[in-house]
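This is what each chain is made of:
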Amino acid sequence: MLLIKKRYALPTFILTFLIYLVFTTLPPGAEKTYIEHYSQPAHDITEIAKDNRIHWTKHAEQYPIADYISLPTASPAPIPKIQYDFPAESWFARIWRKRKQGAVKEAFKHAWKGYKSNAWLRDELSPLSGGYRTSFAGWAATLVDALDTLIIMDLTDEFEEALEALEHIDFSTTDSIQINVFETNIRYLGGLLGAHDLTEGRYPILLKKATEIADFLYGSFDTRNRMPQSRWEWTRSASGQTIHPSGNTILAELGSLNLEFTRMSQLTGDQKYFDAIQRISDHLESAQKETLVPGLWPMMVDAESMRFSDPRYTIGGMADSAYEYLPKEHMLLEGRTQQYQRMYESAIPAIKERMLFRPMTKGGEDILFSGNIYAGTKASRKKVEAQAEHLKCYLGGTIGIGAKVFNRPEELSIARKLTDGCIWAYDIMPSGIMPEVMYLSPCDDLENCPWDEQKWYRDVRARPPPHANIADTEEAAKLLIEKFDLVPGVAEIADARYMLRPEAIESVFIMYRITGDKKYQDAAWRMFNSIEKATRTKYAHAAINDVREEKPKQLDYMESFWLAETLKYFYLIFSEPELISLDDYVLNTEAHPFKRPS
């Protein structure tokens, strides 16, 4: 029998190899779909590498800089302590806290296992089908984004395996025609820098890969006015052609590169990174008091002419992290320049006076949300659109940090009310989860706001488009409330999805670390249980389509921020306060911790 086995071994191997070639290669010219499905784990590194592609290399710039703006060298300014002085913990409290933390870690491990088994070295796992998505240039976004979470959760074996895989990611090339500079910056560069800082430089590959991606992104700044082309046509740059900044650049994509590029200059000593973002900051500051809503910047910026004429203003999606980064950049620079404090202190009065509103609630909760302004006319500039958005939930944490760092203690109550508003938005939904976007019934008076059923009905009737022909009656309002499952105080749910977003738990975590108030841990546990129940799948966790349902339908995508941010914040709120102390680290908008130099 042994001789027979040996006799057929070679032909069997050849036949198996030929079958493999037939079923695993594509005909010439064929392209894979956006979401690809594999019945076996996608662990073959050779699948990632492709020949005959354009590669980014160093070359002469079209618009070189003669003299870089360097990191500020003034003496550091004292920055007040942020975190609460937590008392010693009882053994009973520690047991319950560790159990909750363990539940969050188990959820992370479940999602990580699904990613590793089905989408390894791909951008994102498709958590229902077990396929994958290429969403951020195909450089394994989930893997890089989750590196520091693996460290924080003490998943050493998984982290070291991810480091080995990192060797095979080529940041010099991609099949993507355009690069989203902002997303690449916060997820990839931020992820690598966060892991580098947490491991205190023990793994040189992290800074090496960070430098590769930073040098690549730096090419997007090679424009006439040195403003980046935010959706960068990188192959034009690579082939020596001119690029231009967009006339419609999203504010957040322009104003949220500071932390990552500053940290690169701090770690490498190369001033070109800081120079790139400082030019943006200088433009933003010079325009800040001259916009239609002085102190704030519009949602869209003409980055080629540096005009700020768009009439739409928000601190939510498309603008958010431009404001979030002001106190954080001040902290990362150790207060060596007062520029970012000036910019924050110009923005915060406008936010308080023009953007914030209190919703009318049946329970009389004293909470706040931030709305929007359309500044097309002088009259419209004074009216706030009462839109609550999950993306805006970061604001409570940002104002909380600003209140501590810039010694503005009177604003801590605003930070609390904003954070409490997002907790309320979770608690009122049947699923226990806040929707993406909803419109509320705003109070006429922030201090005195009794429940008014008729006002709520009026606000509900006012939300549908004019052509809907809604009767001006109480009965018509009740029919809309029933049809759209509206809870008291909610006038419309414009987007009922939950995308696994982190902004609410981000502020809940920050406010717990600032105040020590246990109610934030209690709220976090309610939020986590609701999210875990609604989003868990066979492979990982999925976005859901309607938070108004107790058992919402799941959607086949899981963005990398689920592992990078959302579960990280849930884990940290149940950790010892020393783990990622806000007095030691600055967290970028993707929750990557950068070590504060001081």
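None of these values were measured; they are calculated from a predicted model.

1. Regarding the packing of aromatic side chains
Point 1. Considering all chains together, one arrives at 31 aromatic pairs under this definition.
Point 2. Aromatic side chains Phe216 and Trp234 sit 5.5 Å apart centroid to centroid with 55° between the ring planes, which places their arrangement in the tilted category. Within this pair, whereas Phe216 is found in helix α7 (residues 204-218), its partner Trp234 is found in helix α8 (residues 234-238), the two being separated by 18 residues in sequence. Across the pair, Trp234 and Phe216 agree in class, each one buried.
Point 3. Seen in terms of ring centroids, Phe261 and Tyr273 are 6.0 Å apart; in terms of plane orientation they differ by 85°. Their pairing is edge-to-face. In this pair, Phe261 sits in helix α10 (residues 258-268) while Tyr273 sits in helix α11 (residues 272-288), placing the two residues twelve residues apart along the sequence. The same class applies to Phe261 as to Tyr273, namely buried.
Point 4. An aromatic cluster is present here, built from Trp56, Trp139, Phe171, Tyr188, Phe216, Trp232 and Trp234 joined pairwise through their rings.
Point 5. Above the plane of the ring of Tyr439 lies Arg463, whose end atom (NZ or CZ) is 3.6 Å from the centre.
Point 6. When the ring centre of Tyr585 is taken as reference, the NZ or CZ atom of Lys595 above it lies at 4.8 Å.

2. Concerning the packing of helix α12 (residues 320-332) against helix α14 (residues 395-405)
Point 1. With their axes 9 Å apart at the nearest point, α12 and α14 run at an angle of 35° to one another. Note on packing geometry: the crossing formed by α12 with α14 is left-handed. Along the contact surface, α12 presents Tyr323, Glu324, Pro327, Lys328, His330 and Met331, while α14 presents Thr398, Ile401, Gly402 and Val405.
Point 2. By residue class, the composition of the contact of α12 with α14 is five nonpolar, three polar and two charged.

3. Side note on the layout of surface pockets
Point 1. Considered as a void within the structure, the second largest pocket measures approximately 590 Å³ in volume.
Point 2. Those elements giving two or more residues to the lining of the second largest pocket turn out to be α6 (181-198), α9 (251-255), α12, α18 (503-515) and α20 (561-573).
Point 3. At four residues, the largest contribution of residues to the lining of the second largest pocket is made by α6.
Point 4. Considering only residue class, the lining of the second largest pocket consists of 13 nonpolar, five polar and 14 charged.

4. As for a nonpolar patch on the surface
Point 1. There is a patch of nonpolar side chains on the surface, built from Trp91, Phe92, Ile95 and Trp96 and spanning about 490 Å² of accessible area.
Point 2. Tracing the backbone shows Ile95 in helix α2 (residues 91-118).
Point 3. For Ile95, a relative accessible area of 36% translates into the label partly exposed.

5. Focus: the UniProt feature "binding site: Ca(2+)" (unreviewed entry) in the chain
Point 1. UniProt's entry tags Thr589 with the feature "binding site: Ca(2+)" (unreviewed entry), counted in the numbering of this structure.
Point 2. Here Thr589 shows up in the loop between β15 (585-587) and β16 (593-595).
Point 3. Look past the residues within four positions of Thr589 in its chain and what remains in contact with it is Phe182, Ile186, Ser321, Glu324, Tyr325 and Glu565.
Point 4. Within the local environment of Thr589, its side chain forms a polar contact with the side chain of Glu324, the two groups lying 2.8 Å apart.

6. Here we look at the side chain of Asp420
Point 1. Along the chain, Asp420 turns up in helix α15 (residues 412-427).
Point 2. Once residues within four sequence positions are removed from consideration, Asp420 is found in contact with Ile367, Lys519 and Tyr520.

7. Observations concerning empty space enclosed by the protein
Point 1. Taken as a whole and assessed by the stated rule, the structure comprises four cavities of 30 Å³ or more.
Point 2. Of the pockets and cavities examined, the largest cavity occupies roughly 70 Å³.
Point 3. In terms of lining, the largest cavity is formed by Leu368, Phe369, Ser370, Ala388, Glu389, Lys392, Cys393, Leu395, Gly396, Leu418, Cys422 and Met434.
Point 4. Counting residues per element, the ones that place at least two in the lining of the largest cavity are β10 (369-370), β12 (387-389), α14 and α15.
Point 5. Taken together, the residues of the lining of the largest cavity break down into eight nonpolar, two polar and two charged.
Point 6. Around the second largest cavity, the lining residues are Tyr323, Leu326, Tyr344, Ala347, Ile348, Ile351, Leu395, Thr398 and Ile399.
Point 7. Elements with a minimum of two residues in the lining of the second largest cavity: α12, α13 (339-355) and α14.

8. Brief notes about the UniProt feature "active site" (unreviewed entry) in the chain
Point 1. UniProt's entry tags Glu183, Asp320, Glu436 and Glu503 with the feature "active site" (unreviewed entry), counted in the numbering of this structure. In this structure, the second largest pocket is lined, among the annotated residues mentioned, by Glu183, Asp320 and Glu503.
Point 2. Along the chain, the position of Asp320 falls in helix α12.
Point 3. Of the residues examined, Asp320 reaches a relative accessible area of 14% and is grouped as buried.
Point 4. When neighbours within four sequence positions are excluded, Asp320 is seen to be in contact with Ala252, Ile315, Leu391 and Tyr394.

9. What to know about the pattern of salt bridges
Point 1. This model, assessed by the stated rule, comprises 42 salt bridges.
Point 2. Across the salt bridge formed by Glu345 and Arg408, the nearest N and O atoms sit 3.7 Å from each other. Residue Glu345 is found in helix α13, and its partner Arg408 is found in the loop between α14 and α15; the two are separated by 63 residues along the sequence.
Point 3. Between Arg497 and Asp495 there is a salt bridge; the shortest N-O distance is 2.8 Å.
Point 4. Given a relative accessible area of 18%, Asp495 falls into the buried group.
Point 5. By sharing partners, the salt bridges in this structure join Glu89, Arg97, Lys98 and Glu576 into a single network.

10. Details of the nonpolar core
Point 1. Counting 179 residues, the largest nonpolar core has Trp112, Leu143, Leu147 and Phe369 as the members making the most contacts within it.
Point 2. Ignoring anything within four residues of it in the chain, the contact list for Leu143 reads Trp112, Tyr115, Trp120, Leu121, Ala162 and Ala165.

Criteria and thresholds
The numbers attached to residues start from 1 for each chain and follow its sequence in the written order. Given that the model is predicted, a residue must reach a pLDDT of at least 70 before its local features are reported, and side-chain atom pairs must reach 80 or more before they are shown or counted; all residues, however, enter totals for whole chains, interfaces and linings. Heavy atoms from the whole structure form the basis of all side-chain values; hydrogens and water molecules are not counted. Only Phe, Tyr and Trp rings take part, Trp by its six-membered ring, and two of them pair if their centres are within 6.5 Å. Stacked means planes under 30 degrees apart, edge-to-face means over 60, and tilted covers everything else. The numbering of helices and of strands both runs from the N terminus, where a helix is a DSSP run of H or I of at least 4 residues and a strand a run of E of at least 2. Relative accessible area decides the class of each residue, using a 1.4 Å probe on protein chains only: under 20% of the type maximum gives buried, over 50% gives exposed, and in between gives partly exposed. In our convention, an over-ring charge means Lys NZ or Arg CZ found within 6 Å of a ring centre and within 35 degrees of that ring's normal. Angles shown run from 0 to 180 degrees and are taken between the N-to-C directions of axes, each axis being a line fitted to C-alpha atoms and, for helices, limited to the stretch in contact. The hand of a helix crossing depends on one turn: near helix anticlockwise from the far one by less than a right angle means left-handed, and clockwise means right-handed. Every residue pair with non-hydrogen atoms within 4.5 Å of one another is taken to be in contact. All amino acids are sorted into three groups, where Ala, Val, Leu, Ile, Met, Phe, Trp, Tyr, Cys and Pro are nonpolar, Asp, Glu, Lys and Arg are charged, and the leftover types, Gly among them, are polar. A cavity here means a set of points on a 1 Å grid, drawn over the protein atoms and nothing else, where a 1.4 Å probe fits but cannot get out; a pocket is an open set with protein on both sides within 12 Å along at least five of seven lines, and a residue lines either one if it has an atom within 4 Å of a point. Grid points are joined across faces, edges and corners, and a volume is the space filled by probe spheres set on the points. Surface patches are drawn from residues lacking salt bridges whose relative accessible area is over 30%; two like charges belong together within 9 Å, two nonpolar side chains (Val, Leu, Ile, Met, Phe, Trp, Tyr) within 5 Å. Here the accessible surface of atoms and residues is derived via Shrake-Rupley with a 1.4 Å probe, and residues count as covered only by protein chains that are part of the display. A pairing counts as a salt bridge when a side-chain nitrogen of Lys or Arg comes within 4 Å of a carboxyl oxygen of Asp or Glu. UniProt positions are given in the numbering used here, feature names are shortened, and annotations may be inferred rather than shown by experiment. In protein, a polar contact means a hydrogen-donor-capable atom and an acceptor-capable atom, both N or O and within 3.5 Å, with residues adjacent in sequence counting only if both atoms are side-chain atoms; elsewhere, any N or O pair within 3.5 Å suffices. We define a nonpolar core as any set of buried Ala, Val, Leu, Ile, Met, Phe, Trp, Tyr and Cys residues linked to one another through side-chain atoms lying within 4.5 Å.

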